[in-house]
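The primary structure of each chain is shown beneath.
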Amino acid sequence: MVAETQTLNMQCERALRLLARGSRIKSRLAVEIYGEDNTSTRSMISRLSKQLMENGWATETRQGRERFMEITPKGRERIGATDGQSSKQEPVPPIPSLTEALESLRPSGDQPFHPHDRPRFHLRHAALLALAELRGTGIRTVADEHYEAMLRTLVHDDGGSETRDKKVFTSLAATWPGSDRRKRLTNCLVNFQYPDPNSRRETGPEFVLLADKMTSGAEAILWASGAIDLAHHYSFAPASQMDRMTARKLLRQAKELLDKTSLEYPAMRVAAAYRLGKLGKVATVGWSWDGHDVAEERQPRTEASAHNEDEALQSVLETMDHAVIRAGRFNFELESYEGALRSYLGRWVLLALPSSEWVFRRAGGLDIAHAIEDWAVDVRERGLLGELLVSRVRDQENAPLRQRLKDFLRVGERYRQEKVGMQLEPYMAQAQALLGESVSVRLEPEVFDPKAAYYQRMLMNNLWNPEMVVAHTMAAAVTGVSS
């Protein structure tokens, strides 16, 4: 049974709000929630109805050949829908102006954007590209106006915008034409923003259904920004063989759309190239983009006229493109470092702790990231790996690994000196700990907070591998709880 405290996911909430208006046959629910009534959506509705009933939020009855779903008092309480009340009656946050949205993306010193959730930075980059494209072609219809308002809302980054964005979308949904595919895409992205891996993967069915409706350009960049990460969730922590097949389908469609976008939209080549690099990593081919195919890396303009919104938009977009290029180049360096860890650490840990084989074979299904988190905390508390791995690294036969770690530290320090606003400290701490050096960089306090699920998020949202968790566990054991 699903825990009472579980966050209501997108499909569950939509189903309950529909049922709060009256009972529904399951085929109608399939159309209202997934857009179609076919074999695939009926299967998804069956899983959804099972979840609702297990929680006591809905009941199911059979009348002839039809199955009817009806909300329970407990379900009404769960969504705050008693006496006809709905989320539309809640205060709606104001939609930010373009100036406010752009100002929220101005770099703040060398602080990284969303250090525990890499996808959210790139989602905002994609929304910015879509906003520039829409303003270039012109806003002609109500659907365009709604889309533009939601793009400004998505771009605006106040450090905790998930709930706000959902309320804004709900307020616009009633007057947003249902035939506009951008409405479904935006709703999907709003729900994808929640950084919790379990909530995020619930958006998967909608991303899959939208895949065939996407066109090249800004829509493809937006869709791929979520679809590639969902493919990682499905392949790294599959609930079934179907998840692995879905991951391959998402990656194939993302590659086709991004290749086409790169050819047809020169202004979006940086965004497309970064996502293609990430796609290769999720597909276990490895990070393939070093950013040097960009003809000339222009430094972003430092200022833009506050009276010219289009100029200000282009200025921030150049800043974001610059950050993406730098991230691509760093990830290319990071790839060889990760490869070195994979080649050595897993084998060494297995020799010392044979029971840890499941960690490095990634067997364990849906909860694998949670299990690796528990394993890492236990290993850190017992202090099992530090001396073993440091002595191995120092062996003469492992000189290539030592050199790789030292080379990476030089690269990381160079990027730190350039203050490019990327999160470098966790990786540098790993390399320093393995070399037996004192860890000179500060680890985040979240590492030591069991409620923060630090390693789960890094595995699922930042594409870490188990060997990186091992190295980071060593660094955390050395530094202890940071103030």
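About the thresholds
Residues numbered from 1 in each chain as written. Predicted model: local features only at pLDDT ≥ 70, side-chain atom pairs only at ≥ 80, totals over all residues. Heavy atoms only, no water. Helix = DSSP H or I, 4+ residues; strand = E, 2+ residues; numbered from the N terminus. Rg over C-alpha atoms; globule rule 2.2 N^0.38 Å. Buried < 20%, exposed > 50% of the residue type's maximum accessible area, 1.4 Å probe, protein only. Contact = heavy atoms within 4.5 Å. Areas by Shrake-Rupley, 256 points an atom, 1.4 Å probe, with all protein chains shown as cover. Lys, Arg positive; Asp, Glu negative; His and termini not counted. Charge placed at Lys NZ, Arg CZ, Asp CG, Glu CD. Axes fitted to C-alpha atoms, helices over the stretch in contact; angles between N-to-C directions. Left-handed = near helix turned anticlockwise from the far one by under 90°. Salt bridge = Lys/Arg side-chain N within 4 Å of Asp/Glu carboxyl O. pLDDT = per-residue confidence, 0-100. Pairing = 2+ DSSP bridges. Core = buried A, V, L, I, M, F, W, Y, C linked by side-chain atoms within 4.5 Å. Arc of directions from axis to C-beta. Disulfide = S-S within 2.5 Å. Phe/Tyr/Trp six-rings, centres within 6.5 Å; stacked < 30°, edge-to-face > 60°. Lys NZ or Arg CZ within 6 Å of the ring centre and 35° of its normal.

Observations concerning the overall build of the protein chain
Each helix and strand in the protein chain was counted, giving 22 helices and three strands. Taking 2.2 N^0.38 as the reference for a compact globule, 483 residues should give roughly 23 Å; the C-alpha atoms of the protein chain span a radius of gyration of 24 Å, in line with that estimate. Viewed in the frame of its principal axes, the protein chain has a C-alpha envelope of about 75 × 55 × 40 Å. Taken over 483 residues, the protein chain has a buried fraction of 54%. A fraction of 69% describes how many contacts in the protein chain between residues 6 or more apart in sequence connect residues 24 or more apart. Taken as a whole, the protein chain presents about 21600 Å² of accessible surface, with 49% of it coming from carbon and sulfur. Averaging the locations of the 65 positively and 66 negatively charged side chains of the protein chain gives two centres separated by 4 Å.

Some thoughts on the packing of helix 15 (residues 309–352) against helix 20 (residues 425–434)
Packing of helix 15 against helix 20 leaves a shortest axis separation of 12 Å and a crossing angle of 35°. Crossing of helix 15 against helix 20: the hand is left-handed. Taking contact as the criterion, the partners of Phe330, Leu334, Tyr337, Leu341 and Leu345 in helix 15 are, on helix 20, Tyr427, Gln430, Ala431 and Leu434.

Observations concerning unusual backbone geometry
The phi dihedral of Ala453 falls on the positive side, at around 50°, and the residue is not glycine. Mapped onto the secondary structure, Ala453 falls in the loop between helix 20 and helix 21 (454–461). Residues other than glycine seldom take positive phi values, yet Leu463 does so here, at roughly 60°. Inspection of the secondary structure assignment puts Leu463 in the loop between helix 21 and helix 22 (466–479).

As for the pattern of salt bridges
Pairing between side chains becomes possible if they bear opposite charge and their charged atoms approach one another. For the coordinates displayed, the defined rule picks out 28 salt bridges. Arg182 is the salt-bridge partner of Asp144, the closest N and O atoms lying 2.8 Å from each other. Taken together, the residues span a long stretch of sequence, with Asp144 in helix 7 (residues 142–155) and Arg182 in helix 9 (residues 181–192) at a distance of 38 residues. Exposure remark for Asp144: the relative accessible area of 9% places this residue in the buried category. Notably, a salt bridge pairs Arg326 with Glu418, separated by 2.3 Å at the nearest N-O pair. Of this pair, Arg326 sits in helix 15 while Glu418 is found in helix 19 (residues 399–418), placing the two residues 92 residues apart along the sequence. For Glu418, a relative accessible area of 37% puts it in the partly exposed group. Ionic contacts of the salt-bridge type, sharing partners, join the residues Asp117, Arg120, Glu162 and Arg200 into one network.

So, the confidence of the model for the protein chain
Mean pLDDT over the protein chain: 86, with 90% of residues reaching 70 or higher. When the criterion is pLDDT under 50, residues 1–6 qualifies, and its contacts beyond four places in sequence or with other chains add up to 10 contacts. Every residue in residues 81–89 scores below 50 in pLDDT, and together they form 11 contacts with partners more than four places removed in sequence or on other chains.

Re the sheet that holds strand 1 (residues 24–25)
Taken in spatial order, the three strands of this open sheet run 1-3-2, and their pairing is antiparallel. Two strands close off the open sheet at either side, each with one partner strand: strand 1 and strand 2 (58–63). Sitting on the sheet, helix 3 (residues 39–54) is in contact with strand 2 and strand 3 (66–71), with an inclination near 125° to strand 2.

Focus on the nonpolar core
Among the nonpolar cores identified, the biggest contains 130 residues, and Leu222 and Trp223 are the most heavily contacted of them. With residues up to four places along the chain from it excluded, the contact list for Leu222 reads Leu123, Ala126, Ala127, Ala130, Tyr147, Leu151, Leu185 and Leu189. In terms of nonpolar packing, the next biggest core, distinct from the first, is built from 19 residues, Cys12, Ala15, Ile33 and Leu48 among them.

Considerations on helix 18 (residues 386–394)
Counting along an α-helix, one turn takes 3.6 residues, and residues three or four places apart therefore face a common direction. Among the residues making up helix 18, those that are buried are Leu389, Val390 and Val393. Taken end-on, helix 18 shows its buried residues confined to a sector of 100°, consistent with a single buried face. For helix 18, exposure combined with an orientation more than 90 degrees from the buried face picks out Glu387 and Arg394. Check the buried side of helix 18 and you find it contacts helix 15, helix 19, helix 20 and helix 22.

Comments concerning the state of the cysteines
With the rule as written, the count across this model stands at zero disulfides. Cys12 carries a free sulfur, and the closest cysteine sulfur to it, the one in Cys188, is 15 Å from it. Take Cys188: its relative accessible area is 0%, and that puts it in the buried class.

Focus on the packing of aromatic side chains
All chains considered together, the criterion is met by 14 aromatic pairs. Centre to centre, the rings of Phe169 and Trp176 are 5.9 Å apart; their planes meet at 55°, and the pair counts as tilted. With a centroid separation of 6.2 Å and an interplanar angle of 80°, the aromatic rings of Tyr454 and Trp464 are classed as edge-to-face. Of this pair, Tyr454 sits in helix 21 while Trp464 sits in the loop between helix 21 and helix 22, placing them 10 residues apart in sequence. Clustering of aromatic rings is evident, with ring pairs tying together Phe330, Tyr337, Phe408, Tyr415, Tyr427, Tyr454, Tyr455 and Trp464. Sitting over the face of the ring of Phe192, Arg200 holds its NZ or CZ atom 4.3 Å from the ring centroid.

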